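Okay, here's what each chain looks like letter by letter:
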Amino acid sequence: MFKVLVSDPISDFGIQQLMDAPDIQVDKNTGLSEDELVAIIGQYDALLVRSQTKVTPRIMEAGTKLRVIGRAGVGVDNIDLQAATQRGIIVINAPDGNTITTCEHAFAMMMAIARHIPQAYEKTIKGIWDRKSFLGVELRNKTLGVLGMGRIGSEVAKRAKAFGMNIIGYDPFMTDERADKLGIKLGSVDDIIRQADFITVHTPLTPETKHMIARPQFEVMKPGMRIINCARGGVIDELALVEAIDRGIVAGAAFDVFEVEPPAPDHPFLSNPNIIVTPHLGASTVEAQENVAIDVSEQVICILRDQPFKNAVNMPPVPADVLNKIQPYFELGEKLGIFVSQLSKGPVVEIIVNYSGELAEVDTQPLTRYIVKGVLQQHLGSNVNVVNSMHLAKVRDINILVQKSNVAKGFTNLITVTLRTNEDERLVAGTLLNGYGERIVQIDKYPVDVAPEGHLLLVKHNDKPGMIGSVGTLLGNNDINIATMQVGRKIVGGSAIMVLSVDRAVPKEVIEQLKTTPQINKAKEIVFQ
Ligand SMILES: NC(=O)C1=CN([C@@H]2O[C@H](COP(=O)(O)OP(=O)(O)OC[C@H]3O[C@@H](n4cnc5c(N)ncnc54)[C@H](O)[C@@H]3O)[C@@H](O)[C@H]2O)C=CC1
Ligand SMILES: O=C(O)C(=O)COP(=O)(O)O
């Protein structure tokens, strides 16, 4: 039974499928301190959070069974991604589920500061009929600068167009084609700062975006401009903003997010009449909360059941068309890694992967992770997975060299894995044969045809008559049944290789007996668990 801890308020409707899963137990326990989480996390396979729970390295260290952290939302800045990757914990998010909701909140905030709605409401309910203090501005014909034209920024731009605004967007990944399609102008950060009547930020908080709008930017802004932050606290320098408002440069600001959440009671925003605030409500609608909870629940179920999943934050995203091409090779790749590492002796120095045939034309990075996992798991066991395999190789100074070629020796695709250690260099190649599944087609210099399953026995011998008989007899005498047998050689009478698949583990003594049989040079068992 897998155990999932939900440590922030997440939609019950959205996590229904998790709660209904017969192999999953869901515990809801919200508002825990770090110490409280550390005390209980050890029993859980998955943790589901929103933005309140800070998933620190300490929590992950205590989460010895933790395989996945699911973020029911977009921003994962409350999760220490580096620590998760090092520990092989998959972090997934739900990037699409709250886009419209957050965009609508940003828009609501923009309209609220254009028309002083919260301030006017406050006076009106106090019985003060004040119609002159709240002269607003129209959005029509105003210039809106959008910093960060991702999912939310683009939706804000679309809606702003409907309001008759002129939009200038900036995003390092925004192309002219996409800007044309959205009917907006692309500009630099500086263009936006100097020209915009309204600025809204929709970037993540990164070292690059931290205080992206600070004192120097406020200095050159259009006097009377208005600014909105429904992305992350810290993208706009809070103190510089207060100063800019006091100096009359900024007429109004609307913030849903803060550098520290919740803000301290004496935070200057809370007493400034020109700043309106909400308590990180961007994603808080019924629809968004259901969407994000459904998304993460689906992915968590897949991960716990070892099925393919999407939206891993600590692994590079793979487009669906590429995934369709490489996913069938994941298991084979891992087995090639397992095989070649059992063949080799000594500390691994380099893993050379060669993709040939159609695989040479696609992004094979995710597949390489499986191969590296296979190689490392021989020594690191279940501590290695596809999330941390590249990291673990790197910290062990193992070089990973990926080569590609279009020639696949008659196969549609061929994956060749060469392992260089301090002591030797071994090679295993494999492919997927249409209708026949995974096949190992080369071991070192010998062509073979064997399915990588169960127990394989590799015997290196001289190509002489009677060798198959003597190996068969020895195994038979030890009650080891041979399922299939393959012999490969380069030249007649030279050295040859025999690959037998056997129905059970071959005891060490039998391997030793094989090694001392005349004309046999080496014997080795390869196991696929
Ligand atoms: N207030 C709330 O409750 C919510 C806040 N958010 C936050 O909103 C932000 C945007 O979310 P999405 O649009 O879904 O993400 P996204 O990943 O689709 O878009 C972010 C965009 O920012 C761009 N970007 C990165 N660095 C930049 C820079 N230096 N200058 C300009 N653009 C830059 C990226 O290229 C990307 O296109 C995130 O920080 C997210 O955490 C999201 C949902 C709810
Ligand atoms: O999705 C995001 O990035 C958000 O900021 C939403 O946060 P929340 O899930 O409402 O705590």
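The residue count restarts for each chain, going from 1 along the sequence in the order it is written. Here every chain gets a letter starting at A, and every ligand a number starting at 1, in the order they are written. With pLDDT at 70 or above as the cut-off, local features in this predicted model cover only qualifying residues; side-chain atom pairs require 80 or more to be listed or tallied, and sums for whole chains, interfaces and linings still use all residues.

Caption draft 1: Structural detail: the domain arrangement of the protein. Delimitation of the domains relies on an automatic or database domain assignment. Segmentation of the protein into domains returns domain 1 (2–93 + 287–304), domain 2 (99–273), domain 3 (317–446) and domain 4 (453–529). The gap between the C-alpha centroids of domain 1 and domain 3 is 31 Å. Working definition of a contact: two residues with C-beta atoms, positioned from the backbone, lying within 7 Å. Contacts between domain 1 and domain 3 engage 6 residues on the former and 6 residues on the latter. Ten residues, namely Ala, Val, Leu, Ile, Met, Phe, Trp, Tyr, Cys and Pro, are considered nonpolar, four, namely Asp, Glu, Lys and Arg, are considered charged, and the remaining ones, Gly among them, are considered polar. Partitioned by chemical class, the residues of the side of domain 1 that touches domain 3 number 2 nonpolar, 3 polar and 1 charged.

Caption draft 2: The arrangement of the site of ligand 1 in detail. The environment of ligand 1 is made up of 32 residues, and the closest members are Gly75, Gly148, Gly150, Ile152 and Gly282. In DSSP terms, a helix is any run of H or I states spanning at least four residues, a strand is any run of E spanning at least two, and both are numbered starting from the N terminus. Here the element with the most residues in the shell around ligand 1 is helix α7 (residues 151–162); it accounts for 3 residues. Across the shell around ligand 1, the residue classes tally to 13 nonpolar, 14 polar and 5 charged. No fewer than three residues from each of domain 1 (2–93 + 287–304) and domain 2 (99–273) sit in the shell around ligand 1. The C-beta atom of each residue is placed using the backbone, and any residue whose C-beta lies within 6 Å of a molecule or strand is treated as near it.

Caption draft 3: Seen up close, helix α5 (residues 99–115). A helix is expected to span 1.5 Å multiplied by its residue count minus one. Between its first and last C-alpha atoms α5 spans 24 Å; for 17 residues at 1.5 Å apiece the expected length is 24 Å, and the two agree. Exposure in this text rests on C-beta crowding, where 20 or more other C-beta atoms within 10 Å of a residue's own make it buried, 12 or fewer make it exposed, and counts in between make it partly exposed. The C-beta atoms are placed from the backbone. Within α5, the full set of buried residues consists of Thr99, Thr101, Thr102, Cys103, His105, Ala106, Met109, Met110, Ala112, Ile113 and Ala114. The first or second residue beyond α5 is histidine 116, which carries a positive phi of 55°.

Caption draft 4: Region of the structure containing the pairing of strand β9 (residues 198–201). Neither face of β9 is exposed, since Phe198 and Thr200 on one face and Ile199 and Val201 on the opposite face are all buried. By the convention used here, strands pair only if DSSP detects at least 2 bridges between them. Pairing of strand β6 (residues 143–147) with β9, which is carried by 4 bridges, proceeds in the parallel orientation. If you follow leucine 147 over to β9, its bridge partner there is valine 201. Pairing of β9 with strand β10 (residues 225–229) involves 4 bridges; the strand directions are parallel. Residue pairing for β10: isoleucine 199 is matched across the bridge by isoleucine 227.

Caption draft 5: Representation of the nonpolar core within the structure. If you look at the biggest cluster of nonpolar residues, it comprises 92 residues, and the most contacted ones within it are Val4, Leu47, Leu48, Val300 and Ile415. At 9 residues, helix α12 (residues 286–304) tops the list of elements feeding residues into this core. One finds Val156, Val201, Met212 and Ile275 within the second-largest nonpolar core, a separate group that totals 52 residues. Nonpolar cores are built from buried Ala, Val, Leu, Ile, Met, Phe, Trp, Tyr and Cys residues. These are joined into a set through C-beta atoms within 7 Å.

Caption draft 6: Expanded view of the UniProt feature "domain: ACT" (unreviewed entry) in the protein. UniProt positions are given in the numbering used here, feature names are shortened, and annotations may be inferred rather than shown by experiment. According to UniProt, the "domain: ACT" (unreviewed entry) feature falls on residues 456–529. The distance from the first to the last C-alpha atom of residues 456–529 is 11 Å, and the span holds 26% helix and 42% strand.

Caption draft 7: View of the pairing of strand β1 (residues 2–6). When you tally the buried positions in β1, you get 4 out of 5 residues, the bulk of the element. Here 5 bridges tie β1 to strand β2 (residues 24–28), and the two strands are oriented parallel to one another. When the bridges of β2 are listed, leucine 5 appears paired with aspartate 27. Relative to strand β3 (residues 46–49), β1 runs parallel, the two sharing 3 bridges. Across the sheet, valine 4 pairs through a bridge with alanine 46, a residue of β3.

Caption draft 8: The arrangement of the packing of α5 against α7 in detail. In the contact formed by α5 and α7, the axes pass within 9 Å of each other and the chain directions differ by 55°. The orientation of α5 with respect to α7, classified from their angle, is oblique. Classified by chirality, the crossing of α7 by α5 is right-handed. Within the contact between the two elements, α5 uses Thr99, Ile100, Thr102, Cys103, Ala106 and Phe107 and α7 uses Arg151, Ile152, Glu155, Val156 and Arg159. Residues that form the contact of α5 with α7 fall into these classes: 6 nonpolar, 2 polar and 3 charged. A fitted line through C-alpha atoms serves as each axis, taken over the contacting stretch for helices, and the angle formed by two N-to-C directions is quoted from 0 to 180°. Under this scheme an angle from 65 to 115 degrees is roughly perpendicular, one under 35 degrees roughly parallel, and one over 145 degrees roughly antiparallel; angles in between are oblique. By definition, any crossing whose near helix is turned counterclockwise from its far helix by less than a right angle is left-handed, and any crossing with a clockwise turn is right-handed.

Caption draft 9: Geometry of the packing of helix α14 (residues 330–343) against helix α15 (residues 365–380). Orientation of α14 relative to α15, taken along the N-to-C sense of each, is 35°, at an axis distance of 7 Å. The two elements α14 and α15 meet at a crossing, and its hand is right-handed. Touching Phe330, Gly333, Glu334, Lys335, Leu336, Gly337, Ile338, Val340, Ser341 and Gln342 of α14 are Leu367, Tyr370, Ile371, Val372, Lys373, Gly374, Val375, Gln377 and Gln378, all from α15. Considered class by class, the residues forming the contact of α14 with α15 number 9 nonpolar, 7 polar and 3 charged.

Caption draft 10: Summary view of the environment of isoleucine 352. By the secondary structure assignment, isoleucine 352 is in strand β13 (residues 348–357). For isoleucine 352, a count of 16 C-beta atoms within 10 Å gives the class partly exposed. C-alpha separation for the pair isoleucine 352 and glutamine 217, spaced 135 residues apart in sequence, amounts to 49 Å. The contacts of isoleucine 352, once residues within four sequence positions are left out, are Leu401, Gln403, Thr418 and Arg420.

Caption draft 11: Spatial organisation of the site of ligand 2. Taken together, Arg50, Ser51, Gly73, Val74, Gly75, Asn98, His280, Gly282, Ala283 and Ser284 make up the full set of residues near ligand 2. For the shell around ligand 2, the residue count by class is 2 nonpolar, 7 polar and 1 charged.

Caption draft 12: Fine view of the sheet that holds strand β15 (residues 413–421). On the basis of which strands lie adjacent, the open sheet formed by 6 strands has the order β14-β13-β15-β16-β17-β18 and mixed pairing. Each of the sheet's edge strands pairs with one partner strand only, and the pair in question is β14 (399–405) and β18 (446–450). Taken pair by pair, the neighbouring strands of this sheet meet at an average axis angle of 20°, ignoring direction. Along the sheet, α14 contacts β15, β16 (425–433) and β17 (437–443); its crossing angle with β16, the most-contacted strand, is approximately 155°.

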